[in-house]
Amino acid sequence: MTTHTPFVQTKSGRLLGRHWALFFLLGMVVIFAFTGPGFFEVVNFQNIIHLATISILLAVAETFVIITGGIDLSIGFVMGLSSTLAARIMVILSSTSLNEPLIIILGTLAGLLVAFIPGFISGTLVARFKVPPFIATLGMWGICNGITLHICDGFLPIAGLPSVLPRLGNGYLIYIHKGQSLTLFRKPDYIPDERVRELIRLIPFSFVLIAIVILVFWYVLHKSKFGQHTYAIGGNMDAAIRSGIDVDRHLVRIYMLSAFLAGLAGVFNVFQTGIGNYTTFSSMYELFAVAAVVIGGASLLGGKGRIIGSMVGVLVLAVLKNGLAISGVQPFVRYIAVGVLLTLAVIIDQLFPDLF
């Protein structure tokens, strides 16, 4: 008598289960290519990834935290804190005799370094005082929110920054003026800003930042002892302690790493927009980052997660938003779709935990 092997246990079933988000992403690309005019163009794909840079940075941050079995709800407002502080420092230094490159460097360093503080506090609360990550980072969410409001005098963006910032944050490696010129790193001088659409622009600078972040933190998570300890803590904390891992110190480092990446996102936001931005309550950066990580195959129970999977999760949400907008679908549908995808990802993890 032969027994029927469930599809999910077959090689094809496991492949589909492990990479369902990637197949879903490819399916969306095919559908939107037919329903969204201009969707299947190089310019649009570049815009999707460029605009998703902040989401990618926050998803990488959340990946490390979620693998340990925690969650970081503060990254959206840590990003806002870094953005406004970096901008404020640049505005203050602009009134001095310092040259513009030094002003930008000092402001950037301030935005990056301040992010370590909320990360250290959250990590200490979680590791030393055993405060649940949800509560610890939610408290830091509120503190960073209040400090950011103070820095930017309410909800007003901080303007008056060096004009070169958005040119760097939104620049491209290659500029092509058909039949006339090809330049690297900057548009041809004879093309004014209002005519920049005449140029073929390839490979945004943000791609370089994304590539560096993904490669570095993929190596840290999957090839280093730090990454091995991260998985060990999320898989079984008691076993990690018995094996000699300093769990408390490692958790503090994890939350500092998460906050640093949020700070990097805040600084990039300054370069992208040319202003210091306060993070609004409705932005939900942290929740979309969590959704991307879970859609990418991580488990909220800890012990599972992949950098590349999180990137796929970000692209699923970014392509979904872009494709629905181009196709003329109402914006509220995006939120419904994200909720459905997140629920589906959790159901897959619960029903088939061995797939990942």
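Everything numeric here is computed off the predicted structure, so don't read it as measured data. (Residues numbered from 1 in each chain as written. Predicted model: local features only at pLDDT ≥ 70, side-chain atom pairs only at ≥ 80, totals over all residues. Heavy atoms only, no water.)

A. Structural detail: the overall build of the protein chain. Each helix and strand counted, the protein chain has 16 helices and 3 strands in total. For the protein chain, the C-alpha radius of gyration of 22 Å lies close to 21 Å, the compact-globule estimate for 356 residues. The buried share among the 356 residues of the protein chain stands at 46%. Sequence-distant contacts in the protein chain: of pairs separated by 6 or more residues, those separated by 24 or more amount to 75%. Entry remark: accessible area of the protein chain is about 17,500 Å², with carbon and sulfur atoms responsible for 69%. (Helix = DSSP H or I, 4+ residues; strand = E, 2+ residues; numbered from the N terminus. Rg over C-alpha atoms; globule rule 2.2 N^0.38 Å. Buried < 20%, exposed > 50% of the residue type's maximum accessible area, 1.4 Å probe, protein only. Contact = heavy atoms within 4.5 Å. Areas by Shrake-Rupley, 256 points an atom, 1.4 Å probe, with all protein chains shown as cover.)

B. Structural context of the pattern of salt bridges. As enumerated under the stated definition, the model contains 6 salt bridges in all. The partner of R88 in a salt bridge is D153, and the shortest N-O contact between them spans 3.6 Å. Pair noted here: R88 is in helix α5 (residues 75-93) and D153 is in the loop between α8 (133-151) and α9 (164-169), with a separation of 65 residues, a long-range link. When salt bridges that share partners are traced, they join R128, K130 and D248 into one network. (Salt bridge = Lys/Arg side-chain N within 4 Å of Asp/Glu carboxyl O.)

C. Here's a closer look at the nonpolar core. Ranked by internal contacts, the top residues of the largest apolar core, which has 96 residues, are L58, V60, F64, F217, L261 and V319. In terms of residue count, helix α13 (residues 247-273) provides more of this core than any other element does, 15 residues in total. Apart from residues no more than four positions distant in its own chain, V60 is found in contact with V213, F217, L261, I307 and M311. Formed by 5 residues, the second largest nonpolar core is a distinct cluster that contains Y175, I191, V196 and L199. (Core = buried A, V, L, I, M, F, W, Y, C linked by side-chain atoms within 4.5 Å.)

D. Just the side chain of E286, in detail. Within the secondary structure layout, E286 lies in helix α14 (residues 285-295). Leave out the neighbours within four places in its chain, and E286 touches E62, D72, L73, I75, G76 and W141.

E. Highlighting the packing of helix α2 (residues 20-35) against helix α15 (residues 307-326). Contact geometry of α2 with α15 gives a least axis separation of 10 Å together with a crossing angle of 20°. In terms of axis orientation, α2 runs roughly parallel to α15. Both α2 and α15 take part in a crossing whose hand is left-handed. Residues A21, L22, F24, L25, M28, V29 and F32 of α2 pack against V312, L315, V316, V319, L320, G323 and L324 of α15. (Axes fitted to C-alpha atoms, helices over the stretch in contact; angles between N-to-C directions. Parallel < 35°, antiparallel > 145°, perpendicular 65-115°, else oblique. Left-handed = near helix turned anticlockwise from the far one by under 90°.)

F. Layout of the packing of aromatic side chains. The tally for this structure, following the rule as stated, stands at 11 aromatic pairs. Consider the rings of F77 and Y278, whose centres lie 6.2 Å apart with planes at 50°: the pair is tilted. Pair noted here: F77 is in helix α5 and Y278 is in the loop between α13 and α14, with a separation of 201 residues, a long-range link. Ring centres of F155 and Y278 lie 5.2 Å apart, and the angle between their planes is 85°; this geometry places the pair in the edge-to-face category. (Phe/Tyr/Trp six-rings, centres within 6.5 Å; stacked < 30°, edge-to-face > 60°.)

G. Region of interest: the sheet that holds strand β1 (residues 172-177). The strand order across the open sheet formed by 3 strands is β2-β1-β3, and the pairing between neighbours is antiparallel. If you trace the sheet from one side to the other, it starts and ends with β2 (181-184) and β3 (200-204), each paired once. Strand after strand, the sheet turns through a mean of 10° between neighbouring axes, direction not considered. Note: β1 against β3, 4 bridges, orientation antiparallel. When the sheet's bridge partners are listed, I176 is paired in β3 with I200. Lying over the sheet, helix α3 (residues 42-51) contacts β1 and β3, oriented at roughly 35° with respect to β3. Taken strand by strand, helix α10 (residues 205-223) contacts β1 and β3, and its axis lies near 20° from that of β3. (Pairing = 2+ DSSP bridges.)

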